[in-house]
Amino acid sequence: MSLPTALFKSLSRIKKDLTEDIDAVFNRDPAARNSLEVILTYPGIHALILHRGAHCLWQNEQKLAARVISYGSRIITGIEIHPAAKIGRRFFIDHGMGIVIGETAEIGNDVTLYHGVTLGGVSWNNGKRHPTLEDGVIVGAGAKVLGPFTVGKGAKIGSNAVVVKAVPAGATMVGSAARMISDHHDEKGNPIVKKVDDAKQQEKVAQAASTDNGIVKKAVDKKSIDEKATNRSARETAFQAYGIDPMSQDPVAEAFAKMLEHIQQSENRLDQLQAAMCKIDPDFCKKEYDKLCLEDIDVIGRADIDEIGAEQK
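In this report, the structure presented in the accompanying data block is examined. (Residues numbered from 1 in each chain as written. Predicted model: local features only at pLDDT ≥ 70, side-chain atom pairs only at ≥ 80, totals over all residues. Heavy atoms only, no water.)

1. Digging into a nonpolar patch on the surface
Here is step 1: A surface patch of nonpolar side chains, amounting to about 300 Å² of accessible area, comprises Leu-36, Ile-39 and Leu-40.
Here is step 2: Residue position: Leu-36 is located in helix α2 (residues 35–41).
Here is step 3: Accessibility expressed as a relative area gives 57% for Leu-36, which makes it exposed. (Patch = residues over 30% accessible without salt bridge, like charges linked within 9 Å, V, L, I, M, F, W, Y side chains within 5 Å. Areas by Shrake-Rupley, 256 points an atom, 1.4 Å probe, with all protein chains shown as cover. Salt bridge = Lys/Arg side-chain N within 4 Å of Asp/Glu carboxyl O. Helix = DSSP H or I, 4+ residues; strand = E, 2+ residues; numbered from the N terminus. Buried < 20%, exposed > 50% of the residue type's maximum accessible area, 1.4 Å probe, protein only.)

2. Some words on helix α4 (residues 63–77)
Here is step 1: Here α4 spans 21 Å end to end across 15 residues, near enough to the 21 Å set by a 1.5 Å rise per residue.
Here is step 2: Regarding α4, the residues found buried are Ala-66, Ser-70, Ser-73 and Thr-77. Projection of α4 onto a plane perpendicular to its axis shows the buried side chains occupying an angular sector of 60°, all on one side. Residues of α4 that are exposed and point over 90 degrees away from its buried face: Leu-64, Val-68, Tyr-71 and Ile-75.
Here is step 3: As for α4, its buried residues are in contact with α3 (43–59) and β1 (80–81).
Here is step 4: Among the residues trailing α4, Gly-78 stands out with phi positive, at a value near 80°. (Expected span 1.5 Å × (residues − 1). Arc of directions from axis to C-beta. Contact = heavy atoms within 4.5 Å.)

3. Brief notes about the side chain of His-51
Here is step 1: Positionally, His-51 belongs in helix α3.
Here is step 2: Only 3.0 Å separates the side chain of His-51 from the backbone oxygen of Ala-85, close enough to count as a polar contact.
Here is step 3: Discounting chain neighbours no more than four positions away, the residues touching His-51 are Ile-81, His-82, Pro-83, Ala-85 and Ile-87. (Polar contact = N/O pair within 3.5 Å; in protein donor to acceptor, adjacent residues only side chain to side chain.)

4. Focus on the sheet that holds strand β12 (residues 156–157)
Here is step 1: Spatially, β3-β6-β9-β12-β14-β15 is the arrangement adopted by the 6 strands of the open sheet, whose pairing is mixed. Lying at the two open borders of the sheet, with one neighbouring strand each, are β3 (92–94) and β15 (179–181).
Here is step 2: Looking at chain direction, β12 and strand β14 (residues 172–174) are connected through 2 bridges and run parallel. Across the sheet, Lys-156 pairs through a bridge with Thr-172, a residue of β14. (Pairing = 2+ DSSP bridges.)

5. Let's talk about unusual backbone geometry
Here is step 1: A positive phi angle, close to 65°, is found at Glu-61, a residue other than glycine.
Here is step 2: In the Ramachandran plot, Asn-160 falls in the positive-phi region, its phi being about 65° despite a non-glycine side chain.
Here is step 3: Relative to the assigned elements, Asn-160 resides in the loop between β12 and β13 (162–163).

6. Regarding the pattern of salt bridges
Here is step 1: On inspection of all chains with the given rule, the structure shows 10 salt bridges.
Here is step 2: The residue Arg-33 makes a salt bridge to Glu-37 at a minimum N-O spacing of 2.7 Å.
Here is step 3: In this structure Arg-33 comes out as exposed when scored by relative accessible area, which is 68%.
Here is step 4: One salt bridge connects Arg-90 with Asp-110, and the closest N-O pair in it is separated by 2.6 Å. Within this pair, whereas Arg-90 is found in the loop between β2 (86–87) and β3, its partner Asp-110 is found in the loop between β5 (106–107) and β6 (112–114), the two being separated by 20 residues in sequence.
Here is step 5: Looking at Arg-90, the relative accessible area reads 24%, which means it is partly exposed.
Here is step 6: Where salt bridges share partners, they join Glu-20, Arg-28, Arg-89, Arg-90 and Asp-110 into one cluster.

What follows is the structure, encoded as structure tokens:
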């Protein structure tokens, strides 16, 4: 292949990659207004362009030149990407300041990182030390993903989470150390066996109901099912900034809610037992005890418990 032909193909590939990068900015950042503004003022775009050049040099054994370009990119953009890191297409860095991507990190297509993210290692050994992010992963601001494991396709890592183990596809990780909140996996990453769909349950109820009321009830149930399906589909497909959406529940808060609900049930049962004992033995003295008052607990409110209970139903 002649030099002019190779140069032309290289320029065409660079133009195509840059166009995809700019489109990715428009798709994931509502603040972007035009292409010129993105090219001139978005540090994520600058860091990505410089990294591609540095990565090409690194692969062609020009390691010193690659490190110099990487260092210059860090000074200009505040984003540190090792020249050996492998990055896919339509990679979007929002804000960018403080991002660190290690040498053996691998990033798939359509991945989004926010400022302060670290894709780091926990070992000084040679070989794979940094994480692999599959397609469509979102990592929120300040999150740390540490170790040579894989973050599955479409997974989300919430802001300031610290992830030190593999993340299944489609899961959401929050907290430090990160815990999983997902409709499809438990906290250990095991798939959850799906229960009977709401649509099937509602259909059985509608069939068991009387003919007069069945038509009306079936229509109402169908509307409710359609609304739930629409909301669920919107949550799954919509872009979730910072790796988390407003409907996500903190697993610690959910655990507190379950414990508080169990305590209340136990207190009600004790009251029933006391009443029964008084009927059996009139000499049994009914003693009062201090009951748990949810209003005195600042960790979680009554509304949160009701909401979690409604979701579980």
